[in-house]
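Each chain, letter by letter, is given below.
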Amino acid sequence: MTDIKLDEIPQLLKSKKLSFEKACLAVYEIIYREPFTFDLADFDEDERSDFLLFFLQKKIPALVQKFNSDITTFGCYVYTVLKMTKLDYKQKIIKNNNNHKTYIQESILDYDEILRRSQESVYPVSETNPEYIPQTEEEKIPQLVYKKFFKSEHHRLCVAESKERKLKRGILILALKSAWYINDDQIKKVSNYCKISSEIISSTICELKAGLINKAILREEIQNNRAKAYCLINNYEMQLKNSGSYEGLPKFTRLEKRLEFQKKNFIQKNRLLRSGRCKIAPTNTEIAKVIGVPNSIIANVLSRFRKLDLNFNDRKI
């Protein structure tokens, strides 16, 4: 097969001196042996092997079948198809590399955020974390526990007791607000400080999480759309940078419009995620319904909690 010339292949195939499969391989081998002739010198050896394997699998069978000798020679036809395929192949490589970099960057950002959340807490904690054990049977019944926890005191509390009660209530509500993210160790800390069974808190959090699935799906969809827009922005900017001499032509103008659209799309999705409208957290009403207290109590607890002077220097939770 080494003596076959490119222009001879269609005739050899027609006369059945070459099978279709061998004709395709002959095209592949000729190009592989003469990379400089076919303008493949800008690929290194590995890149050239990958590209030619792609060309053999995706393009050569079709071009062998569709060749029309009345229009041009087979060698010229192969060279033209190869040139166009090379341009498309390189653009896809650039796009994939940009996407890969973007996903790596997003993963790093996500990892940092997850790490930050795992390290931070809304309150300081002690090294030891003893689990709170209910003292009576009533402390095992969620409705009774929450009713007692949020009940109004008939007598006036001293300043320290009042602050302590506001703090405990606030921490519990914030824990429930964080239902989607809170872990077992954090639940135990809240349980120990608020003197509420961890089983009751866990059960409440599970019930709240069940109602957050749609919010989580929506947020993930928006995040994926934002990442996609970011990838497209990178790709369009790269294409515009590499086609500067074609400024003003229709293709250049189309890329500019697409780039502008994706920038607006990215800003919109980013603003939506930062606004808090898509946060994965139960509403005050949902929390109130699950724990069996009036909605107004939840709002009041959070309002008073925000006004507290939270100085934890001497406090261990």
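Everything numeric in this text was worked out from a predicted model, so none of it was measured.

(A) Representation of helix α7 (residues 159-177). Over its 19 residues, α7 extends 27 Å from the first C-alpha to the last, a length consistent with the 27 Å expected when each residue adds 1.5 Å. Inspection of α7 places S162, L167, R169, G170, I171, L172, I173, A175, L176 and K177 among the buried residues, and these make up the whole buried set. Among the structural elements, α6 (142-149), α8 (184-194), α9 (198-210), α12 (284-291) and α13 (295-307) are those in contact with the buried residues of α7.

(B) Just unusual backbone geometry, in detail. Phi angles above zero are rare outside glycine, and K16 is one such case at about 65 degrees. Topologically, K16 is positioned in the loop between α1 (9-14) and α2 (20-33). Judged by its relative accessible area of 75%, K16 is exposed. At D39, a position not held by glycine, the phi torsion is positive, near 60 degrees.

(C) Inspection of the nonpolar core at higher detail. Among the nonpolar cores identified, the biggest contains 33 residues, and F150, L172, C194, I196, I291 and I298 are the most heavily contacted of them. Elements with a minimum of two residues in this core: α6, α7, α8, α9, α12 and α13. In terms of residue count, α7 provides more of this core than any other element does, six residues in total. Residue contacts for L172: discarding those within four places in its chain leaves Y146, F149, F150, V190, C194, I196 and I201. Core analysis: the next-biggest nonpolar cluster, separate from the first, contains 27 residues, F55, L56, V64 and F67 among them.

The rules behind each value
Residues numbered from 1 in each chain as written. Predicted model: local features only at pLDDT ≥ 70, side-chain atom pairs only at ≥ 80, totals over all residues. Heavy atoms only, no water. Helix = DSSP H or I, 4+ residues; strand = E, 2+ residues; numbered from the N terminus. Expected span 1.5 Å × (residues − 1). Buried < 20%, exposed > 50% of the residue type's maximum accessible area, 1.4 Å probe, protein only. Contact = heavy atoms within 4.5 Å. Core = buried A, V, L, I, M, F, W, Y, C linked by side-chain atoms within 4.5 Å.

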